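Residue-level listing of the chains:
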Amino acid sequence: MRGYIVRRLLATIPVVTVVAIFVFLLLRLSGGDPAAVIAGDSATTQQVQEIRLKLGLERPIGEQFVIWVGRILRGDFGESYFFKKTVAELIRDRLEPTLALAVCTLLLAVAMAVPLGVVAAVRRGTWIDRTVMGFSVLGFSVPVFVIGYALIYLFAIELGWLPVQGYQRLAEGFWGFLERLILPSVTLAVIYVALIARITRASVLEVLGADHVRTARAKGLGAASVLLRHVLRNAAVPIVTVIGLGVALLIGGVVVTESVFGIPGLGRLTVDAVLARDYPTIQAVVLLFSVVYVMINLVVDLTYTLLDPRIRY
Amino acid sequence: MTFVRRCRAACLAISMLWCLAGAVPAVRAETVLKVVMHSDLKIVDPIWTTAYIVRNHGYMIYDTLFATDANGDIKPQMIGKYDLSADKLTYTMTLRDGLLWHDGKPVTAEDCVASIRRWAQKDTMGQKMMSFVKDLTVVDAKTFKIILKEQTGLVLPALGKPSSNVPFMMPKRVADTPASEQISDFTGSGPFVFKKDEWKPGDKTVYVKFAQYKPRPEPASGLAGGKVVKVDRIEWRAISDHQTAINALLAGEIDYIESPPHDLLPVLKQDANMKLVNINPLGNQYAFRFNTLAKPFDNAKVRQAVMVAFNQKDFLEAVIGDASYYKVCKAMFPCGSPNSSTKGMDGYLDSNFEKAKALLKEANYDGTPIVLLHSTDLAVLTNLAPVAKSLMEKAGFKVDMQSMDWQTLVARRAKKDPPAQGGWHAFLTSWVAADILNPVSAGFLNASCDTAMFGWPCDKELESLRDQYARETNPSKFKTIAEAVQVRVTQYPTHIWLGQWYGPAAMRKNVDGVLQAPVTVFWGIEKKGR
């Protein structure tokens, strides 16, 4: 197992390298000039050029890449072209909101989706099944920002139960922290619930027809016991897989949700950095997301060994 | 009985305590104004960049030697008194008493001289002013002199310039930072203090009232006069989504939105707790900019054809829509400003397509497609290019409209490559009126060829007229020269002005005292109750 983990960790190096090259080149080949953004709309060409020289943007792309990689290997993600802060500092400031949103969304999504999927599978063909699957289609189809606006309108504007926007750090008070996360988490969880519920239903249906489940029922075990001990555990592997794959959805959704709800997280930082052509920040955030995604998939793979004793690395 | 007595004693004690609590003066709650500005503050050096949000930040924490009032007149601000020598070659300026930096140290003449030098390294009007200056000398702690090589009427308009780059005063130790580097010390002498420890880019920017600020005695007028602060704290919240910002305002989570989009104004109008205030009476002006290096726009007649083919109303309707927020104004310098005039504009901006076609024929236009850059992500600009394309095609032009986000456009307009190889022929933008009040400050009128702004017009006559304006010391003659500039621009078009538009600020009804000025400022504003 240890060897497997080490091999997987080593495998992240080529993945991250490819991502680094890709994002670096893509930024420099795409339109836009951070120097022009920094200088402002009224700046002259000469002023823009001075800033380009100062930022090293006139150097050949290869040279810029080597300098950047050298810094990354020393743990230096560089300084933002715009903020008077290092990129590491910027990311540190924005990590808590995104982490809080992601964890809340994940917990909410799993807590809602798995029971929904199980109920849909057990009540297959009934109105319950159709409602759950209908909701699932809706959850996939409606864009995240539309769900966000609708929830804001209902719960924040009309009913006044929850705030429209913003984020409060946990250290500043638990209730304030929680109430500002409710709407964004629900918004982001919808698509996740749709995905997990469908996979749960399909996976549970497959296991419900298995011989060992028939045997368990024949032995006289109660429905709940059959479901929890014999069905769910065997159906868990695909569910956990899709939760892991869904992290990519989560990352994309976080970008939109943070913008809609005014949460100053990594998603917003990414959007702001892209619009401003803040190359060091974009590069660092994309690298971070790719490492997170790889790590989560590793955790998912390791989870299989807990769920299915037949799986060993 | 004992129990009853104890209860009575307890009630009495509680009553006494309640009364005592009422007798203790309540601590006044801090007044906090929560604002959503048009952009998030990232850079905090208003000399290093011309970005408007940084300029607005500058007005919070810095002060200026002179300022422009509501009538467009230049008034002393930090300056207590000044005079001009009889030969009009020496300005002697003395600071007001009681001016302090946020660290408590007094503002000195030395600080001001250093600040002027730094500002003039970057600002084009400052550079122009300094071309007339022989020396800046410090006389004593509060007095300095501007000694000129030759007479010019530019000194006060330049030092009282309302918009980017504004000549903000900084401590000498800060102003000695080369203009090519950003400052890292944000000590100012303005009415607010920047709370750097609470600044979270992308989240919020915080300012607190500077208790030792000494406002001028006269009432505030435009950017001049007494800057009296009536709130304790101002938070600029970064809410990038317009709908969310509007919702937050409606829910009372924020107090003020600087520039809500026009299509959401009806939502705000429906709510009795909201009000819309036009804080910038001069507004903004749309502009169509030519690249005079790119054929066929290297031919003035072809550019004139575009000017004849355009009309302002179509553009304004397409973007703003509501006539109460725009004005058709054929003057190149904004209507309502001192240099505004329609001289020379007969026959232009009337969409006379036949005349435009005739001009194209005279110019031997060969059908070269005009590469028109179209920005897609700024609501106030998005619909302009399609209107321009339509009008130009009716006049006989072939137009290749290329869509991109604003930042890509900004990068592309800096290129001098041929349009077919990544360059451009034209794009549309908007100027804040405060930036285009005279021929020297209006960037698009700089016709100094390679050193001009993107578009690079090259015209000796235009430059000569601008120079004449800069040298003129009699303000009554400014307008005549400005009119001559306008007439010349109809003959050698550098750009086309496409009308004025206004964007009201939205705020809750309990926010009062908002000043009308070309820049959003926060002195004078008070917040009453909820």
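The rules behind each value
- For every chain, the first residue of the written sequence is number 1, and numbering continues from 1 onward in sequence order.
- Lettering for chains starts from A, numbering for ligands starts from 1, and both go in the order in which the items are written.
- Selection of residues for local features in this predicted model requires a pLDDT of at least 70, selection of side-chain atom pairs for listing and counting requires 80 or more, and totals for whole chains, interfaces and linings are taken over all residues.
- A helix here means a DSSP run of H or I that spans at least four residues, while a strand means a run of E at least two residues long, and both kinds are numbered starting from the N terminus.
- Values of the radius of gyration come from C-alpha atoms, whereas the globule rule sets the reference at 2.2 Å times the count of residues to the power 0.38.
- With C-beta atoms placed from the backbone, a residue is labelled by how many other C-beta atoms lie within 10 Å of its own: buried for 20 or more, exposed for 12 or fewer, partly exposed between the two.
- Think of it this way: build a C-beta for each residue from its backbone, and any pair within 7 Å is a contact.
- Two strands form a pair only when DSSP identifies at least two bridges running between them.
- Axes here refer to lines fitted to C-alpha atoms; in helices the fit is confined to the stretch in contact. Angles between the N-to-C directions go from 0 to 180 degrees.
- Residues are sorted three ways: Asp, Glu, Lys and Arg are charged, Ala, Val, Leu, Ile, Met, Phe, Trp, Tyr, Cys and Pro are nonpolar, and all the rest, Gly among them, are polar.
- Think of a nonpolar core as buried Ala, Val, Leu, Ile, Met, Phe, Trp, Tyr and Cys residues chained together by C-beta atoms that fall within 7 Å.
- Note that the domain bounds were set by an automatic or database domain assignment.

For chain B, the count of helices and strands is 15 helices and 21 strands. Its C-alpha atoms give chain B a radius of gyration of 27 Å, near enough to 24 Å, the size a compact globule of 530 residues would have. In terms of overall dimensions, chain B has C-alpha extents of about 115 × 55 × 40 Å along its principal axes. Looking at the 530 residues of chain B, the share that counts as buried comes to 51%. Residue pairs in contact within chain B that sit at least 24 positions apart in sequence constitute 71% of those at least 6 positions apart.

A few words on the sheet that holds strand β11 (residues 256-257) of chain B. Residue and element names in this part refer to chain B. Taken in spatial order, the 7 strands line up as β8-β9-β10-β1-β11-β19-β12 in an open sheet, and their pairing is mixed. Among the strands making up the open sheet, the edge pair consists of β8 (192-194) and β12 (274-277). Two elements, strand β1 (residues 32-36) and β11, share 2 bridges in a ladder whose sense is parallel. Paired with Val 35 across the strands is Tyr 256, a residue of β11. Seen against the sheet, helix α2 (residues 52-61) touches β8 and β9 (204-209) and runs at an angle of roughly 120° to β8.

Turning to the interface of chain B and chain A, a few remarks are in order. On the side of chain A, 41 residues touch chain B, which itself brings 40 residues to the contact. Within the residue set of the side of chain B that touches chain A, elements represented by two or more residues are α7 (242-250) and α13 (406-413) of chain B. Tallied by class, residues from the side of chain B that touches chain A come to 15 nonpolar, 16 polar and 9 charged.

Side chains that are nonpolar tend, in soluble globular proteins, to be buried together. Counting residues in each nonpolar core, the largest one holds 237 residues, and the members touching the most others are Tyr 192, Val 193, Ile 196 and Ile 239 of chain A together with Ala 287, Ala 305 and Ala 309 of chain B. With residues near it in sequence (within four places) discarded, Ala 287 of chain B still touches Leu 428, Thr 429, Ser 430, Trp 431, Phe 444, His 495, Ile 496, Trp 497 and Leu 498 of chain B.

Looking now at the domain arrangement of chain A. All names here are of chain A. Parsing chain A into structural domains produces domain 1 (11-73) and domain 2 (91-307). Using only C-alpha atoms to locate each centre, domain 1 and domain 2 end up separated by 35 Å. Where the side of domain 1 that touches domain 2 is concerned, the elements lending two or more residues are α1 (2-29) and α2 (34-39). Grouping the amino acids of the side of domain 1 that touches domain 2 by side-chain chemistry returns 10 nonpolar, 2 polar and 1 charged.

So, about unusual backbone geometry. Residues and elements named next belong to chain B. Here Ser 164 and Asn 165 are connected by a cis peptide whose omega angle stands at -15°. Along the chain, Asn 165 falls in the loop between α5 (155-159) and α6 (172-175). With an omega of 5°, the peptide bond running from Lys 295 to Pro 296 counts as cis. If you trace the backbone, Pro 296 turns up in the loop between β13 (284-290) and α9 (300-309). The backbone of Ser 351 shows a phi angle near 50°, a positive value even though the residue is not glycine. By C-beta crowding, Ser 351 is classed as partly exposed, having 16 other C-beta atoms within 10 Å. With a phi close to 60°, Asn 364 is a non-glycine residue in the positive phi region. Here Asn 364 is to be found in the loop between α11 (353-362) and β15 (370-375).

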